[in-house]
Amino acid sequence: MQGLSYLFLAVGLAADAFAVSVIRGMTASGRSMDSILTAMFFAAAQMIMPTAGYFLGMAAAGPAVRSGGSTVAAVILFLIGGKMLIEGAGEGEPAKTGGPAGVYLVILAAQAVATSIDAMAAGIGLYASGARLWTAVGTIGAVTGSICLAGHWLGRRCSAGRWGGYAQILGGLILIGLAIRTGW
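So, how was this worked out
- Residues numbered from 1 in each chain as written.
- Predicted model: local features only at pLDDT ≥ 70, side-chain atom pairs only at ≥ 80, totals over all residues.
- Heavy atoms only, no water.
- Core = buried A, V, L, I, M, F, W, Y, C linked by side-chain atoms within 4.5 Å.
- Buried < 20%, exposed > 50% of the residue type's maximum accessible area, 1.4 Å probe, protein only.
- Helix = DSSP H or I, 4+ residues; strand = E, 2+ residues; numbered from the N terminus.
- Phe/Tyr/Trp six-rings, centres within 6.5 Å; stacked < 30°, edge-to-face > 60°.

J.: Would you mind going over the nonpolar core with me for this structure?
T.: What tends to happen in soluble globular proteins is that the nonpolar side chains get buried as a cluster. Core analysis: the biggest nonpolar cluster contains 16 residues, and Tyr6, Leu9, Leu13, Tyr54, Leu126 and Ile140 have the highest contact counts within it. For this core, the secondary-structure elements that each account for two or more residues are helix 1 (3–27), helix 2 (34–60), helix 6 (117–128) and helix 7 (133–157). Considering every element that reaches this core, the biggest residue donor is helix 7, with five residues. Listed in part, the nine residues of the second largest apolar core include Ala39, Tyr104, Leu108 and Ala112.

Quick look at the structure:
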(Lines give C-alpha, C1' and ligand atoms only; values in the text may rest on other atoms or scores of the structure.)
Protein backbone atom coordinates (compact mmCIF):
# COMPACT_ATOMS: atom_id res chain seq x y z
CA MET A 1 0.00 0.00 0.00
CA GLN A 2 1.38 3.40 -0.97
CA GLY A 3 0.46 7.12 -1.30
CA LEU A 4 -2.84 7.20 -3.14
CA SER A 5 -3.95 3.97 -1.47
CA TYR A 6 -3.45 5.60 1.94
CA LEU A 7 -5.64 8.48 0.83
CA PHE A 8 -8.41 6.18 -0.42
CA LEU A 9 -8.20 4.09 2.76
CA ALA A 10 -8.45 7.28 4.85
CA VAL A 11 -11.52 8.49 2.94
CA GLY A 12 -13.17 5.08 3.26
CA LEU A 13 -12.49 4.85 6.99
CA ALA A 14 -13.59 8.45 7.57
CA ALA A 15 -16.93 8.00 5.81
CA ASP A 16 -18.80 6.92 8.93
CA ALA A 17 -17.15 9.72 10.93
CA PHE A 18 -18.30 12.11 8.19
CA ALA A 19 -21.84 10.75 8.50
CA VAL A 20 -21.88 11.31 12.27
CA SER A 21 -20.33 14.78 11.79
CA VAL A 22 -23.12 15.75 9.41
CA ILE A 23 -25.69 14.56 11.94
CA ARG A 24 -23.87 16.38 14.76
CA GLY A 25 -23.97 19.55 12.64
CA MET A 26 -27.71 19.09 12.06
CA THR A 27 -28.39 18.57 15.75
CA ALA A 28 -25.76 20.87 17.31
CA SER A 29 -27.23 22.70 20.27
CA GLY A 30 -25.44 26.02 19.95
CA ARG A 31 -21.99 24.75 20.98
CA SER A 32 -19.58 26.99 19.12
CA MET A 33 -16.67 24.55 19.42
CA ASP A 34 -18.63 21.45 18.38
CA SER A 35 -17.19 21.34 14.86
CA ILE A 36 -13.59 21.59 16.08
CA LEU A 37 -14.07 19.13 18.93
CA THR A 38 -15.84 16.70 16.61
CA ALA A 39 -12.96 16.85 14.11
CA MET A 40 -10.33 16.48 16.86
CA PHE A 41 -12.02 13.56 18.66
CA PHE A 42 -12.79 11.69 15.45
CA ALA A 43 -9.32 12.23 13.96
CA ALA A 44 -7.64 11.09 17.18
CA ALA A 45 -9.76 7.93 17.39
CA GLN A 46 -9.17 7.18 13.69
CA MET A 47 -5.41 7.45 14.33
CA ILE A 48 -5.31 5.44 17.56
CA MET A 49 -7.36 2.48 16.34
CA PRO A 50 -5.31 1.53 13.24
CA THR A 51 -2.14 1.97 15.28
CA ALA A 52 -3.52 -0.47 17.85
CA GLY A 53 -4.60 -2.84 15.06
CA TYR A 54 -1.18 -2.67 13.44
CA PHE A 55 0.58 -3.64 16.66
CA LEU A 56 -2.05 -6.25 17.41
CA GLY A 57 -1.41 -7.81 13.99
CA MET A 58 2.32 -7.70 14.66
CA ALA A 59 2.03 -9.26 18.11
CA ALA A 60 -0.65 -11.83 17.38
CA ALA A 61 0.44 -13.23 14.06
CA GLY A 62 3.73 -11.64 13.08
CA PRO A 63 5.31 -13.25 10.03
CA ALA A 64 2.31 -15.50 9.36
CA VAL A 65 0.14 -12.45 8.64
CA ARG A 66 2.84 -10.89 6.48
CA SER A 67 3.24 -14.01 4.30
CA GLY A 68 -0.44 -13.99 3.31
CA GLY A 69 -0.71 -10.27 3.86
CA SER A 70 -2.39 -9.09 0.70
CA THR A 71 -5.15 -11.69 1.01
CA VAL A 72 -5.69 -10.93 4.70
CA ALA A 73 -5.75 -7.19 4.03
CA ALA A 74 -8.19 -7.67 1.13
CA VAL A 75 -10.56 -9.79 3.22
CA ILE A 76 -10.51 -7.29 6.10
CA LEU A 77 -11.12 -4.31 3.81
CA PHE A 78 -13.87 -6.19 1.96
CA LEU A 79 -15.66 -7.09 5.22
CA ILE A 80 -15.40 -3.54 6.57
CA GLY A 81 -16.64 -2.13 3.25
CA GLY A 82 -19.57 -4.57 3.17
CA LYS A 83 -20.50 -3.68 6.74
CA MET A 84 -20.48 0.01 5.85
CA LEU A 85 -22.68 -0.59 2.79
CA ILE A 86 -25.25 -2.41 4.91
CA GLU A 87 -25.18 0.25 7.64
CA GLY A 88 -25.40 3.07 5.10
CA ALA A 89 -28.45 1.55 3.45
CA GLY A 90 -30.26 1.34 6.80
CA GLU A 91 -29.32 4.72 8.28
CA GLY A 92 -31.66 5.80 11.09
CA GLU A 93 -32.70 9.06 12.71
CA PRO A 94 -30.00 11.24 14.28
CA ALA A 95 -29.77 11.74 18.03
CA LYS A 96 -29.38 15.20 19.60
CA THR A 97 -25.83 16.17 20.60
CA GLY A 98 -26.62 18.63 23.38
CA GLY A 99 -26.60 18.17 27.16
CA PRO A 100 -24.29 19.08 30.05
CA ALA A 101 -20.58 19.43 29.22
CA GLY A 102 -19.54 16.13 30.83
CA VAL A 103 -22.26 14.16 29.09
CA TYR A 104 -21.52 15.97 25.84
CA LEU A 105 -17.84 14.94 25.93
CA VAL A 106 -18.69 11.33 26.84
CA ILE A 107 -21.14 11.12 23.93
CA LEU A 108 -18.59 12.68 21.57
CA ALA A 109 -15.87 10.25 22.70
CA ALA A 110 -18.24 7.28 22.37
CA GLN A 111 -19.18 8.36 18.84
CA ALA A 112 -15.51 8.77 17.92
CA VAL A 113 -14.63 5.30 19.19
CA ALA A 114 -17.71 3.70 17.63
CA THR A 115 -16.91 5.14 14.20
CA SER A 116 -13.28 4.02 14.41
CA ILE A 117 -13.67 0.35 15.37
CA ASP A 118 -13.30 -0.67 11.73
CA ALA A 119 -10.02 1.28 11.62
CA MET A 120 -8.53 -1.24 14.08
CA ALA A 121 -9.19 -4.03 11.61
CA ALA A 122 -7.73 -1.86 8.87
CA GLY A 123 -4.62 -1.47 11.04
CA ILE A 124 -4.17 -5.25 10.97
CA GLY A 125 -4.50 -5.02 7.20
CA LEU A 126 -1.88 -2.25 7.14
CA TYR A 127 0.54 -4.52 8.97
CA ALA A 128 -0.29 -7.46 6.72
CA SER A 129 0.37 -5.42 3.58
CA GLY A 130 3.67 -4.01 4.87
CA ALA A 131 2.38 -0.43 4.92
CA ARG A 132 4.29 2.44 6.50
CA LEU A 133 2.29 2.88 9.70
CA TRP A 134 3.03 6.52 10.50
CA THR A 135 2.40 7.71 6.95
CA ALA A 136 -0.88 5.82 6.83
CA VAL A 137 -2.01 6.96 10.29
CA GLY A 138 -1.06 10.58 9.61
CA THR A 139 -3.03 10.51 6.37
CA ILE A 140 -6.02 8.90 8.10
CA GLY A 141 -6.00 11.53 10.85
CA ALA A 142 -5.63 14.51 8.52
CA VAL A 143 -8.33 13.27 6.16
CA THR A 144 -10.71 12.39 8.99
CA GLY A 145 -10.29 15.78 10.66
CA SER A 146 -10.84 17.63 7.39
CA ILE A 147 -13.82 15.52 6.38
CA CYS A 148 -15.42 15.90 9.82
CA LEU A 149 -15.06 19.69 9.72
CA ALA A 150 -16.66 19.75 6.28
CA GLY A 151 -19.37 17.32 7.37
CA HIS A 152 -20.25 19.36 10.45
CA TRP A 153 -20.41 22.53 8.34
CA LEU A 154 -22.61 20.76 5.80
CA GLY A 155 -24.87 19.42 8.55
CA ARG A 156 -25.36 22.91 9.99
CA ARG A 157 -26.62 24.03 6.59
CA CYS A 158 -28.79 21.03 5.70
CA SER A 159 -31.91 19.63 7.23
CA ALA A 160 -32.17 16.29 5.41
CA GLY A 161 -30.81 13.36 7.44
CA ARG A 162 -29.96 10.91 4.61
CA TRP A 163 -26.53 12.37 3.80
CA GLY A 164 -24.89 10.15 6.41
CA GLY A 165 -26.15 6.95 4.80
CA TYR A 166 -24.82 8.00 1.40
CA ALA A 167 -21.43 8.79 2.94
CA GLN A 168 -21.25 5.32 4.48
CA ILE A 169 -22.22 3.68 1.20
CA LEU A 170 -19.49 5.64 -0.61
CA GLY A 171 -16.96 4.69 2.07
CA GLY A 172 -17.97 1.05 1.81
CA LEU A 173 -17.55 1.08 -1.97
CA ILE A 174 -14.10 2.68 -1.64
CA LEU A 175 -12.97 0.03 0.86
CA ILE A 176 -14.29 -2.81 -1.32
CA GLY A 177 -12.40 -1.27 -4.26
CA LEU A 178 -9.21 -1.21 -2.18
CA ALA A 179 -9.82 -4.84 -1.20
CA ILE A 180 -10.08 -5.83 -4.83
CA ARG A 181 -6.95 -3.87 -5.72
CA THR A 182 -5.00 -5.24 -2.73
CA GLY A 183 -5.65 -8.94 -2.85
CA TRP A 184 -7.64 -10.23 -5.79
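J.: Whenever I open this one, the packing of aromatic side chains confuses me. Can you help?
T.: In the structure shown here, the tally under the stated rule is two aromatic pairs. Geometrically, the ring pair formed by Tyr54 and Phe55 is edge-to-face, given 5.7 Å between the ring centres and 85° between the ring planes. By relative accessible area, Tyr54 is classed as buried at 9%. With a relative accessible area of 38%, Phe55 lands in the partly exposed category. Aromatic side chains Tyr54 and Tyr127 sit 5.3 Å apart centroid to centroid with 90° between the ring planes, which places their arrangement in the edge-to-face category. Placement of the pair is Tyr54 in helix 2 and Tyr127 in helix 6, with a sequence separation of 73 residues. The residues Tyr54 and Tyr127 share a single accessibility class, namely buried. Ring pairs connect the aromatic residues Tyr54, Phe55 and Tyr127, which therefore count as one cluster.

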